[in-house]
Amino acid sequence: MGLGKKMADFIDARLGIRDILEQNLTKYLLPRNINAWYTLGAVLLTLFTVQIATGILLLIYYNPNTDEAFRSVQRIMNEVPFGWLIRTIHAVGSNIIVLALLLHMLSVLFMGSYKRPRELTWVAGFLLLLLSLGMCLTGYLLPWSQLSFWATTVATNSSQELPMIGDAAVRFLRGGAMVGQPTLGRFFALHVMGFPLLFGMLVLFHLFCVRRVGISRPPFGHDWQAPPPSTTFRHEEHPGGIPFFPHYVAKDAAIIAFFLALLLGVVFFAPGLFFPPAAFEPADPFVTPPGIKPEWYFLWAYQTLKLLPSEFLGLAVQGVAVTLLLLLPFLDRSPERRPSRRPLFVSAYVLGVALFVALSVWGHYS
Amino acid sequence: MEVSSRRKFLVLSLSTLGALVAGVAAYPLFRYLSPQPTGGEKGRVNIPRAQVGAGQAHFFQFRGHPAVVLQSAPGVFAAFSAICTHLGCIIRWLPENGEFLCPCHAGRFAGDGKVLGGPPPKPLQAIPVALSGDNLLVG
Ligand code: HEM
Ligand code: FES
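Residues numbered from 1 in each chain as written. Chains lettered and ligands numbered in written order. Predicted model: local features only at pLDDT ≥ 70, side-chain atom pairs only at ≥ 80, totals over all residues. Heavy atoms only, no water.

Trainee: Which residues make up the coordination of the iron atom of ligand 1, and what are the values?
Mentor: All names here are of chain A. Distances from the iron atom of ligand 1 to its protein donors, His104 (NE2) and His206 (NE2), fall within 2.0 to 2.1 Å. For the iron atom of ligand 1, the six donor atoms in the first shell make angles of 85 to 180 degrees at the metal, a pattern classed as octahedral. With His104 in helix α5 (residues 83–110) and His206 in helix α9 (residues 181–213), this residue pair connects regions lying 102 residues apart in the sequence. Residue classification places His206 among the buried residues on the basis of a relative accessible area of 14%. (Donors = N, O, S within 2.8 Å, 3.2 Å for Na, K, Ca; no water. Tetrahedral: all angles 85-135°; square planar, octahedral: opposite > 155°, others 65-115°. Helix = DSSP H or I, 4+ residues; strand = E, 2+ residues; numbered from the N terminus. Buried < 20%, exposed > 50% of the residue type's maximum accessible area, 1.4 Å probe, protein only.)

Shown next, in the form of structure tokens:
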């Protein structure tokens, strides 16, 4: 008997690990018609792990001080061995994560998986999306480049239009009248501790919901039926389904490899893709660089603010859109999940995606 | 038989691939975390002679480590690593006794670096000093 097996037996005799593994791997059955979109959750878990690992490494050399921040990032890029690699993976990774988040959300939307009994899974997921955007926003300031400084100035400035509390809100977000050391301090704390802790707890809750309720059956095929309404808890079983391990794990691994290849492809072959020229100049509070734009995933909001006659209206529209999405499972309550039977929803879905893309492209070229 | 040899092949190729990927990732990580050359590893240090009075000691950084230069008698200069040879604390100069004391376990060294008492096993490591004009050239 090998040493490995002895150790496994020792642990198993005390904690019953083999049983847990079996229940969650080989005996965990997924719907037979499960598709590749269900791998995006695993993709996100992987990408966030990469983000956390590279983030901790960057903390070794990064200095959250307005006099030093830009130089410390320059040092990471130019002097620390492989610092460029760690930093570029972290910066590009944030963009790939937003892409994966949007795809995950869109697939869940299209298949109606947010519906009862998965409302809480959806709400936790949507909050994760907002938190991720918060991490993108706070992380963007840290290099203290012209881009960081002015993007943050504009982003914090938009809360000026909140009725009554506008000015106070801007000052509070910035920790002062202008973006400066107090802003860097609070953004740094949020980016490396505050948001990640909240984020970790929410991810655990999200995964708990997914596992406890059971994976939904994709709403395709002739024999699909809405589950009977139930007021008590019921775990969705898939008798005769395919095992999570090894079948679905192989699919997870393939799509994860695809996303990692995309990430590394950008890192190695188009490292400048997400770095406009203003990212290479240190912040100067007295000179606004021309044509400053937010990152691609905030362009829709940027363009909305530009198009609508008043900033307040713009903020209100954005607030309503976000709230509607957050509460969607409580507004759209019919048990029907098949896209072919939901023409109204699918039309709104297509229009919504088209509007997002159109506003973003317009914002990019305007 | 058929299944188990396929499984063996799969496990073997996947673990080889995994090991390769881990190696490729580990090298940059190791380099990223490795201490970097601080530049002054080879250099000599210039100290104005006036900073080191007779019977006085002057502490400074030498190739990344604390060091001390001492004018033990008028015109006689000696330099040492300031790291105690016992467990690495930094020695102090006691002008009134004319000796070095290590505060950690009361190791004592003479002005020429020899051990006078306490646990240190070896004399202080000496560093060459030369006078050039008004400067002391250490290293
Ligand atoms: C950090 C971000 C996130 C992580 C790590 C994550 C992780 C996961 C995982 C591992 C699954 C199970 C496998 C799958 O269906 O993909 C899942 C399912 C789900 N996620 Fe997420 N997710 C995240 C963000 C979101 C967002 C932004 C939403 C929507 C706004 C969302 C809504 C859902 C829903 C409704 C399910 C259930 C799918 C079903 O059972 O059919 N998640 N998530
Ligand atoms: S370290 Fe100096 S006497 Fe122990």
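Let us keep going from here.
Trainee: How would you summarise the pattern of salt bridges if you had to cite specific residues and measurements?
Mentor: All names here are of chain A. Evaluation of the coordinates by the stated rule reveals 13 salt bridges over all chains. In this structure, Asp12 and Arg18 form a salt bridge, with 3.3 Å as the shortest nitrogen-oxygen distance. According to the relative accessible area criterion, Arg18 is partly exposed, its value standing at 39%. As a salt-bridge pair, Glu68 and Arg71 come within 3.7 Å of each other at their nearest N and O atoms. Judged by relative accessible area, Glu68 falls into the partly exposed class, the value being 28%. What emerges from the salt-bridge pattern is a single network uniting Lys5, Asp9, Asp12 and Arg18. (Salt bridge = Lys/Arg side-chain N within 4 Å of Asp/Glu carboxyl O.)

Trainee: Tell me what's going on with the site of ligand 1, and back it up with residues and numbers.
Mentor: All names here are of chain A. Among the 24 residues in the neighbourhood of ligand 1, the closest are listed as Tyr38, His104, Gly125, His206 and Ser216. Tyr38 is positioned such that a nitrogen or oxygen atom in its backbone is 2.9 Å from an oxygen atom of ligand 1. Ser216 has a polar side-chain atom sitting 2.5 Å from an oxygen atom of ligand 1. Elements with a minimum of two residues in the shell around ligand 1: α3 (40–61), α5, α6 (119–141) and α9. For the shell around ligand 1, the class distribution of residues is 16 nonpolar, seven polar and one charged. (Near = heavy atom within 4 Å. Polar contact = N/O pair within 3.5 Å; in protein donor to acceptor, adjacent residues only side chain to side chain. Nonpolar A, V, L, I, M, F, W, Y, C, P; charged D, E, K, R; others polar.)

Trainee: Please give an account of the packing of aromatic side chains that cites residues and values.
Mentor: Residues and elements named next belong to chain A. Across all of its chains, the model carries 21 aromatic pairs over all chains by this definition. The interplanar angle of 50 degrees and the centroid separation of 5.5 Å between the aromatic rings of Phe110 and Tyr349 together place this pair among those described as tilted. With Phe110 in helix α5 and Tyr349 in helix α14 (residues 343–365), the pair connects residues that are 239 residues apart, well separated along the chain. Judged by relative accessible area, which is 29%, Phe110 ranks as partly exposed. Residues Phe258 and Phe259 carry aromatic rings whose centres are separated by 5.6 Å and whose planes lie at 90 degrees to one another, so their mutual orientation is edge-to-face. Here Phe258 falls in the exposed class, since its relative accessible area comes to 52%. Members of the aromatic cluster, each reached through a chain of ring pairs, are Phe110, Tyr114, Trp122, Phe126, Phe345 and Tyr349. Above the face of the Phe345 ring, Arg342 is positioned so that its terminal group lies 3.9 Å from the ring centre. (Phe/Tyr/Trp six-rings, centres within 6.5 Å; stacked < 30°, edge-to-face > 60°. Lys NZ or Arg CZ within 6 Å of the ring centre and 35° of its normal.)

Trainee: Could you give an account of the domain arrangement of chain B, with specific residues and numbers?
Mentor: The extent of an interface is frequently quoted as the accessible surface area lost upon association of the parts. Partitioning chain B into structural domains gives domain 1 (1–34) and domain 2 (45–138). Each of domain 1 of chain B and domain 2 of chain B has a C-alpha centre, and these two points are 53 Å apart. (Domains from an automatic or database assignment.)

Trainee: Any details on unusual backbone geometry? Residues and values, ideally.
Mentor: For the peptide bond that leads from A:Arg116 to A:Pro117, omega is 5 degrees, which places it in the cis range. Positionally, A:Pro117 belongs in the loop between α5 and α6. Following A:Phe245, the chain continues into A:Pro246 via a peptide bond in cis, with omega recorded as 0 degrees. Along the chain, the position of A:Pro246 falls in helix α10 (residues 244–269). Of note, the phi angle at A:Trp144 is positive, near 55 degrees, even though the residue is not glycine. Mapped onto the fold, A:Trp144 is located in the loop between α6 and α7 (146–157). Under the relative-accessibility criterion, A:Trp144 is labelled buried at 7%. If you check the backbone angles, B:Arg63 has positive phi at about 50 degrees while not being a glycine. Assignment of secondary structure puts B:Arg63 in the loop between β2 (57–62) and β3 (65–73).

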